[in-house]
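Spelled out from the first residue to the last, the chains are:
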Amino acid sequence: MEERTDEKTDGRIINEVAEQLLDEAAFTSSLITDKEREAGSADEEHIYPTSKEETEKMEELLKQAAAAAEDPNEEVFREKYAHLSSVVEWSKKRHRTWLWQIILGALLSVAILYYFKGEQKKDVERAHKYAEQVATWTPCDTTITYEKCKKHDNKSWDLHYTSANRYKAYKLAELKNNVEGWEESAKKYQHNADTAKTQEAKDKYIKLKDKALADAESNRNKFDSIAAFNYEQVKEMAVNEVTRRETNEKSSENSLRNFMIFLAVLIPFYIWTGYPRGYELTTTRRRDKVLSWIRRVSFKIAAIFFGSGLLMRFLPDDIVEYIYANGRRETHREFNMGNIFVFVMKIGLMIVGAFLFCFVSVLIMTIETLGGIRFRIGELVRNRKRAKAAAVAEMK
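Residues numbered from 1 in each chain as written. Predicted model: local features only at pLDDT ≥ 70, side-chain atom pairs only at ≥ 80, totals over all residues. Heavy atoms only, no water.

### Overview of the overall build of the protein
- Scanning the protein for helices and strands turns up 14 helices and two strands.
- In the protein, which comprises 396 residues, the proportion classed as buried is 32%. (Helix = DSSP H or I, 4+ residues; strand = E, 2+ residues; numbered from the N terminus. Buried < 20%, exposed > 50% of the residue type's maximum accessible area, 1.4 Å probe, protein only.)

This is the structure we're talking about:
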């Protein structure tokens, strides 16, 4: 009797069965390694369940442990039970993971895409206009010799689809410019080779000269080939070009539109999947740590770029003093030309910052949303399998 009394004063002996159930609950998670099972001790992060099934199993074992406990207030049992209960409650609870910063970055991306889509629409309309111009061509003489071929002028680009002669003249002028440019480069390389002080430098310039002459010859051959085209061949060439151009411009516009739609749909899905249960967060713990680090670092860099551009100050105006012939002096403020460079730097830094902010926001939103949808689909499939298996078992 005396020995039995001593055992009852030892709480862990009294709650032996309950503590075994607690140990079994603590090793429910599939994150527990074989080494940890053998040692009987697990890493704190590995205790958390990774699925609804594991969470329910852990909860059931805790209920059994509470029912089996002879002394629920015993300190060791109470602390371990409370800790594992908090793990279960956290795993069952939904947690908000979506961030306003990410949504703001996605919305800014939509606004930028909308602007560029408007610009792209203008390019589509321009390409369609060129296609219509080519379609209304009338037959004409398109003979142009190398000697009579003129260089481009500022109006050539917008007018070269208005007639077969102008189109051919534009293409030939482009090739003639290339020929003369490469020939001029060849002369410079030859001069550099003649004045080179080492054989190595001389050989380098000779190779560059030979390449320049080869490129000049290639462009001249293309010139002669197109120069021989009659009206029908010129029109066929133009039709193929404007058709390809219009197709490419429409494809670019459609890509921008599709990406806008993708982001518009992605944002509500991001919020919807942004309330995962704890066990889902356990499975994505490593991914979330990496994405969180990327977000913090990238947003900080983006803020540095954008803020630097925003706060960059312009240079003070130049103070210029004019002295006239009669001896009169006047002082004027004049625009500092260095501010052009400062302005370009400001805009460039702000664009880089905004682009990085948008890019990282869309990247993180996409990864987290697709991961959340994938997890929910997987969970739905598992629940259906469980329901089906339960129905089959009930029928048996």
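Still to come is the rest of the account.
### Quick notes on the packing of aromatic side chains
- Throughout the structure, instances matching the rule amount to 14 aromatic pairs.
- Look at W98 and Y275: their rings are 6.5 Å apart centre to centre, the planes differ by 70°, and that puts the pair in the edge-to-face class. Of this pair, W98 sits in the loop between α6 (75–92) and α7 (100–135) while Y275 sits in the loop between α11 (231–272) and α12 (278–283), and the two are 177 residues apart along the sequence.
- Residue W98 is classed as buried on the basis of its relative accessible area of 7%.
- Of the residues examined, Y275 reaches a relative accessible area of 34% and is grouped as partly exposed.
- Their ring planes at 75° and their centres at 5.3 Å tell us that Y115 and F116 sit as a pair that is edge-to-face.
- Through a chain of ring-to-ring contacts, three or more aromatic side chains come together here, namely Y130, W137, Y161 and Y167.
- Between the NZ or CZ atom of K176 and the centre of the ring of Y146, over which it lies, the distance is 4.9 Å. (Phe/Tyr/Trp six-rings, centres within 6.5 Å; stacked < 30°, edge-to-face > 60°. Lys NZ or Arg CZ within 6 Å of the ring centre and 35° of its normal.)

### Concerning the side chain of S51
- Here S51 shows up in the loop between α4 (34–39) and α5 (52–68).
- Among the residues examined, S51 registers a relative accessible area of 12% and is labelled buried.
- Within polar-contact distance, the side chain of S51 engages the backbone nitrogen of E54 at 3.2 Å. (Polar contact = N/O pair within 3.5 Å; in protein donor to acceptor, adjacent residues only side chain to side chain.)

### Regarding the pattern of salt bridges
- Taken as a whole and assessed by the stated rule, the structure comprises 14 salt bridges.
- A salt bridge links K92 to E59; the nearest nitrogen and oxygen atoms lie 2.9 Å apart. Of this pair, K92 sits in helix α6 while E59 sits in helix α5, placing them 33 residues apart in sequence.
- Taking the shortest distance from any N to any O, the salt bridge between K250 and E246 comes out at 3.6 Å. Highlighted residues: K250 and E246, both in helix α11, separated by four residues, approximately one helical turn.
- Look at E246 and you get buried, because its relative accessible area is 14%. (Salt bridge = Lys/Arg side-chain N within 4 Å of Asp/Glu carboxyl O.)

### Let's talk about a nonpolar patch on the surface
- On the surface, I340, F343, V344, I347 and I351 cluster together to form a nonpolar patch covering roughly 460 Å² of accessible area.
- Checked against the element boundaries, I351 lands in helix α14 (residues 338–395). (Patch = residues over 30% accessible without salt bridge, like charges linked within 9 Å, V, L, I, M, F, W, Y side chains within 5 Å. Areas by Shrake-Rupley, 256 points an atom, 1.4 Å probe, with all protein chains shown as cover.)

### Remarks on α11
- With 42 residues, α11 extends 61 Å between its outermost C-alpha atoms, agreeing within 8% with the 62 Å of an ideal straight helix rising 1.5 Å per residue.
- For α11, the principal kink sits at L266 and spans about 25°; a proline, P268, occurs within the next four residues.
- Looking at where α11 begins, the residue whose side-chain oxygen comes 3.2 Å from the main-chain nitrogen of E232 is N230. (Expected span 1.5 Å × (residues − 1). Bend = angle between axes of the 7 residues up to and from the residue.)

### Notes on the packing of α5 against α6
- Where α5 contacts α6, the two axes come as close as 10 Å, and the packing angle between them is 150°. The angle between α5 and α6 falls in the class roughly antiparallel. Classified by chirality, the crossing of α6 by α5 is left-handed. The segment α5 lies against α6, with T55, M58, E59, L62, A65 and A66 engaging F77, Y81, L84, S85, V87, V88, S91 and K92. (Axes fitted to C-alpha atoms, helices over the stretch in contact; angles between N-to-C directions. Parallel < 35°, antiparallel > 145°, perpendicular 65-115°, else oblique. Left-handed = near helix turned anticlockwise from the far one by under 90°. Contact = heavy atoms within 4.5 Å.)

### Points about the packing of helix α3 (residues 16–26) against α6
- For the pair α3 and α6, interaxial distance at closest approach is 11 Å and the crossing angle is 30°. If you check the angle between α3 and α6, you find them roughly parallel. Note on packing geometry: the crossing formed by α3 with α6 is left-handed. In contact with A18, E19, L22, D23, A25 and A26 of α3, α6 contributes V76, F77, K80, Y81 and L84.
- Taken together, the residues of the contact of α3 with α6 sort by class into eight nonpolar, no polar and three charged. (Nonpolar A, V, L, I, M, F, W, Y, C, P; charged D, E, K, R; others polar.)

### A short note on the side chain of E253
- Turning to its location among the elements, E253 is positioned in helix α11.
- Other than its neighbours up to four places away in sequence, E253 contacts K117, Q120, K121 and V124.

### A look at the environment of V362
- On the secondary structure map, V362 appears in helix α14.
- Here V362 falls in the buried class, since its relative accessible area comes to 11%.
- For the pair formed by V362 and I267, sequence separation is 95 residues and the distance between their alpha carbons is 9.4 Å.
- Apart from residues lying up to four places away in sequence, V362 is in contact with A106, S109, F259 and L263.

Remember, this is a structural readout, not a statement about activity or role.
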